[in-house]
Amino acid sequence: DKANYRHFMAKEIHEQPEVVGHTLARYVDMASERVLLPKLPFDFKDIQRISIVACGTASYAGYVAKYWFERLGRVPVEIDVASEFRYREAPLRKGDLAIFISQSGETADTLAALRYAKAAGAYTLSVINVPTSTIARESETVLQTLAGPEIGVASTKAFTCQLMVLAALAVAAGKARGELSDADEAKLVHGLIEIPRLMAQALTIEPQIEKLAREISKSKDVLYLGRGTSYPLALEGALKLKEISYIHAEGYAAGELKHGPIALIDENMPVVVIAPHDRVFEKTVSNMQEVAARGGNIILMTDAKGAAEATIESLVTIILPDMAATFTPMVYAIPVQLLAYHTAVVMGTDVDQPRNLAKSVTVE
Ligand code: F6R
């Protein structure tokens, strides 16, 4: 049931600190600040390459994880949507690791990609919310997300729980490969333990987002920009907005702006910039300057430090809590989801059951 919420989506957005916390507790040992995984049939030290395969929002969780595995574990990662992966006959080798991410565990393309990877002799590991699902049953290793049932068609809490599992897995990879010391692991795990509290703090900006949603609802198009791990989040923001509010939106890597989409910038198209104060922050600021110089209306999602350094006229600045730079996507997902949700509410769409969409896509 929806408890006191108007929609399942609202309830599921608000449940995130709790369910991400449950997921965290399954995969890390809080007392010793170590990652805690079930016994894996492979050693990360022997893995030459990881392929991550999923659809939609789950693929964006995979895209964030690519940055984490590469940064923390120095292991090359390929990410692809399942419908492309399965038909391009990706050259997987025996001993490669293939990771599948799915809330439902029933997505037809992801399942077919899993079967393809198994036939190629790859290790298969799935991050799944429904443990009795077909993908869970057919995978060699299953790491369950503890999001609980997700009813809203637009994925929210499953996404952040997927990120939590993948973050723990990337830390484990870094550790096994000798890229991270015990102290590094403890520091990163400490950062993960902070996440549920930071997500709860991020939820308190909801009134500001509600106001902003009234502005966004007047737009025909919205552009989302981000760099590094904020880039997949920009893709997710655009997907969420279009699927429930039916407003056209695009997500771009901030550095790609000048290679095309900058032609679209005018005072009618809001530009949502996701920019925590991380190692690529200054680069994103210069992209914001390009937008501002062309009269674009910037909605900046950043932290206090970023807001102080941005020195750019933004329409609205949404300030998120200070945190360790590595894991910002789990916290910045909150304003991104809330913005889509409240815009859809203003538009009067069927938020939990958007037109033309199904919760589980069991046909290809
Ligand atoms: C977006 C959304 C879809 C799903 C996609 C994969 O909000 O819900 O993009 O993420 O259909 O579904 P699962 O995770 O069940 O494989």
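Below or above, wherever it landed, is the structure these notes cover. Worth saying up front: this structure is predicted, and the values here are computed from it rather than measured.

Definitions and cut-offs
Residues numbered from 1 in each chain as written. Predicted model: local features only at pLDDT ≥ 70, side-chain atom pairs only at ≥ 80, totals over all residues. Heavy atoms only, no water. 1 Å grid on protein atoms, 1.4 Å probe; cavity = no way out; pocket = protein on both sides within 12 Å on 5 of 7 lines; lining within 4 Å. Points joined across faces, edges and corners; volume = space filled by probe spheres on them. Helix = DSSP H or I, 4+ residues; strand = E, 2+ residues; numbered from the N terminus. Nonpolar A, V, L, I, M, F, W, Y, C, P; charged D, E, K, R; others polar. Axes fitted to C-alpha atoms, helices over the stretch in contact; angles between N-to-C directions. Parallel < 35°, antiparallel > 145°, perpendicular 65-115°, else oblique. Contact = heavy atoms within 4.5 Å. Phe/Tyr/Trp six-rings, centres within 6.5 Å; stacked < 30°, edge-to-face > 60°. Buried < 20%, exposed > 50% of the residue type's maximum accessible area, 1.4 Å probe, protein only. Lys NZ or Arg CZ within 6 Å of the ring centre and 35° of its normal. Core = buried A, V, L, I, M, F, W, Y, C linked by side-chain atoms within 4.5 Å. Expected span 1.5 Å × (residues − 1). Pairing = 2+ DSSP bridges. Salt bridge = Lys/Arg side-chain N within 4 Å of Asp/Glu carboxyl O.

Re the layout of surface pockets
- Estimates place the volume of the largest pocket at around 560 Å³.
- Lining the largest pocket are 28 residues; nearest its centre among them are C55, G56, T57, K359 and V361.
- Listing elements by their share of the lining of the largest pocket, those giving two or more residues are α3 (56–73), β5 (97–102), α5 (108–119) and α10 (230–245).
- When the residues that make up the lining of the largest pocket are grouped by side-chain class, the tally is 11 nonpolar, 11 polar and six charged.

Comments concerning the packing of helix α7 (residues 157–176) against helix α13 (residues 328–347)
- Axis separation between α7 and α13 bottoms out at 10 Å; the angle between their running directions is 170°. It follows that α7 is roughly antiparallel to α13 by the angle criterion. Two secondary-structure elements touch here, α7 through F159, T160, L163, M164 and A167 and α13 through P329, M330, A333 and Q337.

With respect to the packing of aromatic side chains
- Under the defined criterion, the tally for this structure stands at seven aromatic pairs.
- Ring geometry for F42 versus F44: centroids 5.2 Å apart, planes at 85°, classification edge-to-face.
- The buried category is assigned to F42, whose relative accessible area is 9%.
- Linked through ring pairs, F42, F44, F69 and Y123 together constitute an aromatic cluster.
- A cation over a ring is seen here: R355 above Y246, with NZ or CZ 3.8 Å from the ring centre.

Digging into the nonpolar core
- With 93 residues, the main nonpolar core has F44, I50, F69, I99 and F327 as its most contacted residues.
- Broken down by element, this core gets its largest block of residues, 13 residues, from α7.
- The contacts of F327, once residues within four sequence positions are left out, are W68, A167, V171, L188, G191, L192 and I195.
- Ranked by size, the runner-up nonpolar core spans 18 residues in total, among them A254, M269, V285 and A310.

Structural notes on α5
- When the terminal C-alpha atoms of α5 are compared, their 17 Å separation across 12 residues agrees well with the 16 Å that a helix rising 1.5 Å per residue should span.
- All buried positions along α5 are accounted for by A108, D109, T110, L111, A113, L114 and A117.
- Buried-residue contacts for α5 involve β3 (50–54), α4 (82–85), β5, β6 (123–128) and α6 (134–138).
- Looking at the residues trailing α5, positive phi occurs at G121, about 90°.

Considering the sheet that holds strand β4 (residues 77–81)
- Strand order across the open sheet formed by five strands is β4-β3-β5-β6-β7, with parallel pairing between neighbours. With partners counted over all chains shown, the strands left at the sheet margins are β4 and β7 (141–144), one partner each. Strand-to-strand twist of the sheet, defined as the mean angle between neighbouring strand axes without regard to direction, takes the value 20°.
- Bridge count between β3 and β4: five bridges; the pairing is parallel. Bridge pairing links I50 to V77 in β4.
- Strands in contact with α5 are β3, β5 and β6; relative to β5, the strand with the most contacts, it is inclined by about 165°.

Observations concerning the packing of α7 against helix α8 (residues 182–203)
- For the pair α7 and α8, the least separation of the axes is 10 Å and the interaxial angle reads 170°. Regarding the angle of α7 to α8, the classification is roughly antiparallel. Only D182, E185, L188, L192, I195 and M199 of α8 make contact with α7, whose side of the interface consists of T160, M164, A167, A168, V171 and K175.
- A per-class count over the contact of α7 with α8 returns eight nonpolar, one polar and three charged.

Examining the pattern of salt bridges
- Scanning the entire structure with this criterion turns up 19 salt bridges.
- The closest approach of N and O atoms between K175 and D182, which form a salt bridge, is 2.8 Å.
- The class for K175 is partly exposed, based on a relative accessible area of 28%.
- On the basis of relative accessible area, D182 is assigned to the partly exposed category, the value being 45%.
- Its salt-bridge partner being E236, residue K240 comes within 2.8 Å of it at the nearest N-O pair. Pair noted here: K240 and E236 are both in helix α10, with a separation of four residues, about one helical turn.
- On the basis of relative accessible area, K240 is assigned to the buried category, the value being 0%.

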